[in-house]
Amino acid sequence: MALLHRSMLLAVLMSVLIRAIKVYGSDPELVTDFVSTDVTPMDGNFFTFTGFRGGLFPGPGEVDMKTAYVSDFPALQGLGISYALMCFQPGGILNLHFHPRGSKLIYVIEGTLTVGFVDSTDKLFNQTLQADDVFVVPKSMVHFMVNSDPHKKVNVIFAFSSANPGKVNLPSNLLRSGIPQLVLQKSFNVV
Ligand SMILES: *[C@@H]1O[C@H](CO)[C@@H](O)[C@H](O)[C@H]1NC(C)=O
């Protein structure tokens, strides 16, 4: 009985440890050409992603996104790169967020996009991007994007320096996670 308890405790400890180890801060380096899964036949299709076909159709004042992260495109495993496609309707806003594992390159295909990020000294770096402009948001910096044009949509491509950049959405991270009210009040200086 005691032995059973001990082995159960060990199993729980191991699973906690494995989970902790899996919270990477950046992509691990690959020691093979690529990481294949058990698809057959293993050919060009494995290295092809067709999920962006058909475009995006967000509602008024909204944003919509399609991702080609490693979970969508297994060939990216270990390569430290990924893509996302985003469309902003007029007035569309992408909430304050950051990506814990990857820097983000923003390439504006169509429209005018306002972007800003804040560094660890609380300094804001913002820009209004035209079509064909590229902006980089360094890894882990809090940022936002706005399409303030009342008539035209914005189409952008995001390229990440991670196969799984992750996204910490600040409003829900801070307000929906169960952080004690007192801590939030003190943090935001609201009485
Ligand atoms: C950056 O933000 C400041 C402060 O809100 C604003 O005055 C300025 O016009 C913005 N610059 C660009 C290029 O959007």
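Check the entry above for the structure.
Please read all numbers here as calculations on a predicted model, not as lab measurements.

Scanning all chains against the criterion turns up one cavity of 30 Å³ or more. Of the pockets and cavities examined, the largest cavity occupies roughly 30 Å³. Residue assignment for the lining of the largest cavity shows that the elements contributing at least two residues are β3 (93-98) and β9 (154-160). Looking at the lining of the largest cavity residue by residue, the classes come out as five nonpolar, two polar and two charged.

Right, let's get into the nonpolar core. The tendency in soluble globular proteins is for nonpolar side chains to be buried as a group. In this structure, Phe88, Ile106, Leu113, Phe135, Met145, Val156 and Phe158 are the most contacted members of the largest nonpolar core, which totals 19 residues. When contributions to this core are tallied by element, the ones reaching two or more residues are β2 (82-88), β4 (104-110), β5 (113-118), β7 (134-137) and β9. Top element by residues in this core is β9. It accounts for four residues. Those residues in contact with Phe135 that lie beyond four places of it in its chain are Lys104, Leu105, Ile106, Val115, Phe117, Phe125, Gln127 and Leu129. Counting seven residues, the second largest nonpolar core, distinct from the first, contains Phe46, Ala68, Ala75 and Ala163.

Now for the packing of aromatic side chains. Scanning the model with the defined rule gives eight aromatic pairs in all. Between Phe49 and Phe52 the ring centres are 5.2 Å apart and the planes differ by 85°, which places this aromatic pair in the edge-to-face class. When its relative accessible area of 25% is taken as the criterion, Phe49 is described as partly exposed. Under the relative-accessibility criterion, Phe52 is labelled partly exposed at 21%. On the numbers, 5.1 Å between centres and 25° between planes, the contact of Phe117 with Phe125 is stacked. On the basis of relative accessible area, Phe117 is assigned to the buried category, the value being 9%. Classification of Phe125 as partly exposed rests on a relative accessible area of 31%.

In this section: the site of the ligand. Around the ligand sit Asn126, Gln127 and Thr128, and those are all the residues in its vicinity. At a separation of 3.0 Å, an oxygen atom of the ligand approaches a polar side-chain atom of Thr128. Contact with the protein chains covers 35% of the free accessible surface of the ligand, which is 360 Å².

Turning next to the sheet that holds β3. Across the sheet, five strands lie side by side as β6-β5-β8-β3-β10; this open sheet has antiparallel pairing. The sheet is open, and its two edges are formed by β6 (124-129) and β10 (168-169), each paired on a single side. Where β5 and strand β8 (residues 142-146) come together, five bridges link them in antiparallel fashion. Within the sheet, the bridge partner assigned to Val115 lies in β8 and is Met145.

What counts, and at which threshold
The written sequence of each chain sets the order in which its residues are numbered from 1. Totals for whole chains, interfaces and linings use all residues, but because this is a predicted model, local features are given only for residues with pLDDT of at least 70 and pairs of side-chain atoms are given and counted only at 80 or more. Note: side-chain values were computed over all heavy atoms of the structure, leaving out hydrogens and water. Only protein atoms enter the 1 Å grid, on which a cavity is a set of points fitting a 1.4 Å probe that cannot get out and a pocket is an open set with protein on both sides within 12 Å along at least 5 of 7 lines, lining residues being those with an atom within 4 Å of a point. Grid points are joined across faces, edges and corners, and a volume is the space filled by probe spheres set on the points. Each helix is a run of DSSP H or I of at least 4 residues and each strand a run of E of at least 2, with the numbering of both proceeding from the N terminus. When residue character is reported, Ala, Val, Leu, Ile, Met, Phe, Trp, Tyr, Cys and Pro are called nonpolar, Asp, Glu, Lys and Arg charged, and the others, Gly included, polar. Residues enter a nonpolar core if they are buried and are Ala, Val, Leu, Ile, Met, Phe, Trp, Tyr or Cys, with the set joined through side-chain atoms within 4.5 Å. Relative accessible area decides the class of each residue, using a 1.4 Å probe on protein chains only: under 20% of the type maximum gives buried, over 50% gives exposed, and in between gives partly exposed. Contact definition: two residues touch when any of their heavy atoms are within 4.5 Å. Aromatic rings from Phe, Tyr and Trp, taking only the six-membered ring of Trp, are treated as a pair when their centres fall within 6.5 Å; an angle between ring planes under 30 degrees marks them as stacked, one over 60 as edge-to-face, and anything in between as tilted. One heavy atom within 4 Å of a molecule or strand is enough for the residue carrying it to be called near that molecule or strand. By the criterion applied in these results, polar contacts are pairs of N or O atoms within 3.5 Å in which, for protein atoms, one can donate a hydrogen and the other can accept it, and in which residues neighboring in sequence qualify only through two side-chain atoms. Surface accessibility follows the Shrake-Rupley procedure with a 1.4 Å probe radius. Residue values consider only the protein chains on display as shielding. Pairing between two strands requires that DSSP report at least two bridges joining them.

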